[in-house]
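# Commentary on secondary and tertiary structure
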Amino acid sequence: MSADLVQRTVALCRELRARGLLVTTAHAIDAVRALGAAGLASRERMYLVLRCVLVSRPEEMETFDEVFDALFSRQAAASGEGPVRVRRRSPPRDPAAEVSLASWAEEGEEGGGGEEPEEVPAASDQVANAAKDFGAFGAGELEEIQRIAARIARRLAARPSRRWKSAARGSRLDLRRTMRRSLSNSAEPLDLRFRRRKPRKTRIVALCDVSGSMDLYSRFLLQFLYALQGTVARVESFVFSTSLRRVTGLLREPEYALALRGLSAEVHDWSGGTRIGECLSAFNEEWGQLVDGRTVVVILSDGWDTGDPALLGAQMEMLRRRSRRLVWLNPLLGSPDYQPLTQGMQAALPHLSVFAPAHNLVSLRALERHLLA
Amino acid sequence: MADPAIATSLHLALELRKPLLIEGHAGVGKTEIAKVLARMLGTDLIRLQCYEGLDTSTALYEWNYARQLLHIRMQERDGHAAAEAEAKIFSEAFLLKRPLLQAIAHEGQAPVLLVDEIDRSDEEFEAFLLEVLSDFQVTVPELGTISARERPHVILTSNRSRELSDALRRRCLYLFIDHPPFAKELAIVRRKVPGASEELAAQIVGLVQRLRTARLAKVPGVSETLDWAAALVVLHAAHLTPEIVGETLGCALKDEGDLRKVRAEIESGRLPVGGP
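Residues numbered from 1 in each chain as written. Chains lettered and ligands numbered in written order. Predicted model: local features only at pLDDT ≥ 70, side-chain atom pairs only at ≥ 80, totals over all residues. Heavy atoms only, no water.

## Quick look at the overall build of chain B
When its secondary structure is counted, chain B shows 13 helices and nine strands. Residues classed as buried in chain B amount to 49% of the 276 residues present. Taking contacts inside chain B between residues at least 6 apart in sequence as the whole, the part at least 24 apart equals 76%. Total accessible area on chain B is roughly 12,800 Å²; 53% of this is exposed by carbon and sulfur atoms. (Helix = DSSP H or I, 4+ residues; strand = E, 2+ residues; numbered from the N terminus. Buried < 20%, exposed > 50% of the residue type's maximum accessible area, 1.4 Å probe, protein only. Contact = heavy atoms within 4.5 Å. Areas by Shrake-Rupley, 256 points an atom, 1.4 Å probe, with all protein chains shown as cover.)

Laid out in structure tokens, this is it:
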């Protein structure tokens with residue numbers, strides 16, 4: 001194989017890596033080996049070989065095609081040009097967007113049921129004052145929030161997984177261990193061992209928007225998180241507005257008032273503007289390891305973002321890939337007239353598994369279902 | 001009917017000896033590829049069907065307890081000591097080999113190991129599988145380490161019901177199979193359902209292709225097209241009419257909401273069914 005072709009292949013790998021594909025040095029070696037083994041007959045063949053080795057999910061096909069075209073075009077091959085600058089195209093529309101929108105319509109009906117349609121002016125500090133809205137919440141109803149949180153927590157903790165573990169008691173006989181133990185008393189299975197379902201460990205990572213436009217809601221949502229964290233150990237809480245801050249420790253206070261005091265002392269840009277994309281990027285970078293295939297990520301925000309929507313979209317995609325579910329709770333969704341048209345919300349929508357309202361108790365109860373699914 | 005992308009991927013999987021991960025919609029023939037590969041190589045196909053909760057005792061191995069117990073009883077009757085029995089009952093004769101171990105302990109020509117619908121298993125199993133795929137050896141505590149003489153050819157399929165880990169993706173070659181274009185699907189129908197007339201086959205494929213562009217909860221795959229064609233042949237349909245489509249639509253659409261939606265489209269004439 002010509003040195004030029006090897007060079008070109010390596011350049012292709014580098015460009016793909018720069019564009020966020022999962023391409024390692026091992027892939028580059030494989031790519032060259034694969035070309036040697038199968039791919040020199042035609043440009044078409046070369047394309048198929050390299051795609052098979054270097055692409056690992058369908059979303060990457062378009063990027064691959066672009067980069068391949070730029071680096072392996074006939075002109076480039078003829079003139080022997082080095083790596084070519086390739087122009088970036090906007091990401092393709094994801095069919096998941098439709099799903100999220102459909103579920104949004106349903107949830108909207110459920111959450112706003114029986115309420116009068118009304119206008120919710122966007123990021124201002126005006127708020128829908130429907131009877132059940134958090135805006136009109138009395139102290140007695142705070143207890144209800146705690147009750148819901150406790151119930152969700154109980155169900156999360158008690159949920160059995162599909163896997164079994166050995167135990168002294170359980171619903172099924174563990175034949176393997178019983179046999180093993182029986183050998184010490186001449187194969188008489190006196191000491192029975194059992195198997196039981198291992199509890200499923202769902203972890204929740206909650207990112208709560210505390211910027212100005214969320215002022216009214218974040219108080220209640222934080223309360224909800226506080227109650228949730230009081231019962232399940234595996235809740236990680238963060239607040240964000242222009243920057244991100246982990247508040248898991250602060251929320252561990254025995255009393256909510258204390259936790260709140262701690263929060264306002266520690267979080268300085270409380271009620272400022274919002275840069276969701278940057279905060280999520282900071283989260284992915286610093287706390288990314290908290291999210292795995294068993295983690296439900298919940299973002300509580302109205303989607304009013306003053307940052308870069310492209311960055312927000314990219315970070316959301318990363319979160320979606322890593323997590324079990326990605327849930328966005330938007331208090332504004334409680335209003336029947338609300339449309340998620342802000343740039344930030346538009347960028348985030350395609351990546352959500354659930355887009356639901358969080359403005360009243362009904363919607364918090366619905367959250368139970370989203371977290372457990 | 002070898003598609004160049006599929007042929008290239010299989011060729012590479014054989015040459016580089018790497019697992020091939022095949023993704024695509026349900027019913028595009030992902031599983032079929034493994035079967036064809038095994039037939040082509042003239043070797044055995046070992047299939048591991050994944051599901052949530054799949055664990056090592058169903059995927060790898062399990063001891064044959066009933067046989068172990070019987071054996072111990074017989075040994076006792078003949079007056080042998082328990083220690084002697086223990087050595088015997090944890091030997092290969094009492095081991096039930098599940099698909100992964102079968103593939104590793106396979107004698108002769110390397111088999112094709114099909115790990116079907118890996119996305120339905122859980123993350124723990126995926127991690128375990130990754131370990132097996134990286135060195136093709138398994139340790140059974142009572143027996144020692146068993147390693148593959150010939151690395152099996154591994155094909156994994158996924159319906160994308162959940163995102164697979166990057167670690168797994170990194171280790172595999174990748175093939176995405178989309179729904180086939182009209183001409184190819186028509187050829188498949190003609191070959192698999194020889195009883196369907198040219199006209200009928202073209203009409204069915206045309207209609208299914210149109211249905212795929214609609215927003216449906218469950219998009220019909222090639223296997224649905226084939227089922228539908230076969231059903232129409234049984235009903236002696238020479239060509240499609242709105243009535244017969246209405247009666248047999250359930251072959252292609254498996255979701256109540258989809259059925260209602262498409263029936264309404266056909267009744268209103270917005271979706272023509274008679275034309276070629």
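After that view, the rundown keeps rolling.
## Focus: the packing of helix H1 (residues 3-18) of chain A against helix H4 (residues 61-72) of chain A
Residues and elements named next belong to chain A. Orientation of H1 relative to H4, taken along the N-to-C sense of each, is 145°, at an axis distance of 10 Å. Note on packing geometry: the crossing formed by H1 with H4 is right-handed. Packed against H1, whose contacting residues are Leu-5, Arg-8, Thr-9, Ala-11, Leu-12, Glu-15 and Leu-16, the element H4 presents Phe-64, Val-67, Phe-68, Leu-71 and Phe-72 at the interface. Partitioning the contact of H1 with H4 into residue classes produces nine nonpolar, one polar and two charged. (Axes fitted to C-alpha atoms, helices over the stretch in contact; angles between N-to-C directions. Left-handed = near helix turned anticlockwise from the far one by under 90°. Nonpolar A, V, L, I, M, F, W, Y, C, P; charged D, E, K, R; others polar.)

## Re the sheet that holds strand E5 (residues 112-116) of chain B
All names here are of chain B. The strand order E2-E5-E8-E1-E9 describes an open sheet built from five strands, whose pairing is parallel. The open sheet has two free edges, formed respectively by strand E2 (45-49) and strand E9 (173-177), since each of these has just one partner strand. Looking at each pair of strands side by side, their axes are set apart by 20° on average, direction ignored. (Pairing = 2+ DSSP bridges.)

## Describing helix H11 (residues 222-234) of chain B
Residue and element names in this part refer to chain B. Between its first and last C-alpha, H11 extends 19 Å over 13 residues, near the 18 Å set by a 1.5 Å rise per residue. Summarising the contacts, the buried residues of H11 are in contact with helix H9 (182-192), helix H10 (198-213) and helix H12 (242-248). Following H11 by one or two positions, His-236 has its phi on the positive side, about 55°. (Expected span 1.5 Å × (residues − 1).)

## So, unusual backbone geometry
Not every positive phi belongs to a glycine, and B:Arg17 is a case in point at roughly 55°. Considering the arrangement of structural elements, one finds B:Arg17 in the loop between helix H1 (4-16) and strand E1 (20-24).

## Some remarks on a positive patch on the surface
Residues and elements named next belong to chain B. Together, Lys-35, Arg-39, Arg-191 and Lys-192 make up a positively charged patch on the protein surface. Of all elements in the fold, only helix H2 (30-41) and H9 reach the threshold of two or more residues within the positive patch. When you line up the elements, Lys-35 lands in helix H2. (Patch = residues over 30% accessible without salt bridge, like charges linked within 9 Å, V, L, I, M, F, W, Y side chains within 5 Å. Salt bridge = Lys/Arg side-chain N within 4 Å of Asp/Glu carboxyl O. Lys, Arg positive; Asp, Glu negative; His and termini not counted. Charge placed at Lys NZ, Arg CZ, Asp CG, Glu CD.)

## A closer look at the pattern of salt bridges
The tally for this structure, following the rule as stated, stands at 25 salt bridges over all chains. Taking the shortest distance from any N to any O, the salt bridge between A:Glu15 and A:Arg19 comes out at 3.1 Å. Between A:Arg57 and B:Asp166 there is a salt bridge whose closest N-O contact spans 3.1 Å. Separated into two different chains, A:Arg57 in the loop between helix H3 (43-54) and H4 and B:Asp166 in helix H8 (residues 166-171) make up a pair that spans both. What makes A:Arg57 buried here is its relative accessible area of 2%.

## Focus on the packing of aromatic side chains
Aromatic rings considered in pairs are described by the distance between their centres and by the relative angle of their planes. Taken as a whole, this structure holds nine aromatic pairs over all chains when the rule is applied. Aromatic pair A:Tyr47 and A:Phe68: ring centres 5.2 Å apart, planes at 65°, arrangement edge-to-face. Highlighted residues: A:Tyr47 in helix H3 and A:Phe68 in helix H4, separated in sequence by 21 residues. Among the aromatic residues, those joined into a cluster by ring pairs are A:Tyr47, A:Phe64, A:Phe68 and A:Phe72. Above the plane of the ring of B:Phe94 lies B:Arg67, whose end atom (NZ or CZ) is 5.0 Å from the centre. (Phe/Tyr/Trp six-rings, centres within 6.5 Å; stacked < 30°, edge-to-face > 60°. Lys NZ or Arg CZ within 6 Å of the ring centre and 35° of its normal.)

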